[in-house]
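Coordinates in review
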Amino acid sequence: MTVQHKEIECLSERVVFENRWMRLREDRIRRQDGSEALFSVVDKPHFAVIAAIDKGVIHLVEQYRYPLGARFWELPQGSLETRTDATPLEVARTELLEETGLTASTMIHVGRLALAPGYSNQCYDIFLASGLISGNQSLDVEEQGLISSAFTLTDFEAMIVAGEIRDATTVATFGLLRAKRML
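Overview of the structure.

With that out of the way, let us pick up the packing of helix H2 (residues 153–161) against helix H3 (residues 168–179). Across the interface, H2 lies against H3 with an axial gap of 11 Å and an inter-helix angle of 125°. Judged by the inter-axis angle, H2 sits oblique to H3. Where H2 crosses over H3, the handedness of that crossing is left-handed. Contacts from Phe156, Glu157 and Ile160 of H2 reach H3 at Thr170, Val171, Phe174 and Arg178. Here the contact of H2 with H3 is built from residues that sort into four nonpolar, one polar and two charged.

This brings us to the pattern of salt bridges. Taken as a whole, this structure holds 15 salt bridges when the rule is applied. Of the charged contacts, one joins aspartate 43 and arginine 23 as a salt bridge, the two residues approaching to 3.0 Å between their closest N and O atoms. Here the residue aspartate 43 occupies a position in strand E3 (residues 36–43), and arginine 23 occupies one in strand E2 (residues 23–31), the gap between them amounting to 20 residues. Judged by its relative accessible area of 7%, aspartate 43 falls in the buried class. A relative accessible area of 24% means that arginine 23 is categorised as partly exposed.

This part covers unusual backbone geometry. Phi is positive for lysine 55, close to 55°, though the residue is something other than glycine. With respect to the element layout, lysine 55 can be found in the loop between strand E4 (47–54) and strand E5 (57–65). According to the relative accessible area criterion, lysine 55 is exposed, its value standing at 81%. If you check the backbone angles, arginine 181 has positive phi at about 55° while not being a glycine. Following the sequence through the fold, arginine 181 ends up in the segment after H3.

Bringing the side chain of serine 120 into the picture now. Considering the arrangement of structural elements, one finds serine 120 in the loop between strand E8 (102–114) and strand E9 (123–134). Side-chain polar atoms of serine 120 contact the backbone oxygen of valine 42, separated by 2.9 Å. At 3.2 Å, the side chain of serine 120 forms a polar contact with the backbone nitrogen of glutamine 122.

Rules behind the numbers
- Residues numbered from 1 in each chain as written.
- Predicted model: local features only at pLDDT ≥ 70, side-chain atom pairs only at ≥ 80, totals over all residues.
- Heavy atoms only, no water.
- Axes fitted to C-alpha atoms, helices over the stretch in contact; angles between N-to-C directions.
- Helix = DSSP H or I, 4+ residues; strand = E, 2+ residues; numbered from the N terminus.
- Parallel < 35°, antiparallel > 145°, perpendicular 65-115°, else oblique.
- Left-handed = near helix turned anticlockwise from the far one by under 90°.
- Contact = heavy atoms within 4.5 Å.
- Nonpolar A, V, L, I, M, F, W, Y, C, P; charged D, E, K, R; others polar.
- Salt bridge = Lys/Arg side-chain N within 4 Å of Asp/Glu carboxyl O.
- Buried < 20%, exposed > 50% of the residue type's maximum accessible area, 1.4 Å probe, protein only.
- Polar contact = N/O pair within 3.5 Å; in protein donor to acceptor, adjacent residues only side chain to side chain.

Right, dumping it as structure tokens:
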């Protein structure tokens, strides 16, 4: 998706790499002053992040993140690469069930944030899930080793402060929920 804005004009675009999860393109651009440059853009599908909270307990998942070579605690999140027509709510419900085995009787859309607007067009929708019912996880092959666990909100906040939770999406979601007084 090429962005046209009065400040920058896209002269051409070229796909450099593409797979099922992402596309990298190089756009030749012209700025207002007439200078031209090459700008790289990562196209990724939008995703949903779910703060599943009931009775003062929040559900997190821990999984291995290959780019950083470590395991991370984070909120359930993901996209449906094969279902580009899915609504953000459908994505959120699917990801919550797959990763935690939970279904929610209530899902409130909290907001939408841009993940990394300096190099990517990917955004994420934030949902607050409550009225949780336990079921079985249904992990994708890429999610091998993913575990789900519940923490008190006090412990969750302490994990953020201590640097045990380093996923920026999880921390931003927590901040937005606090700012909207939803926690």
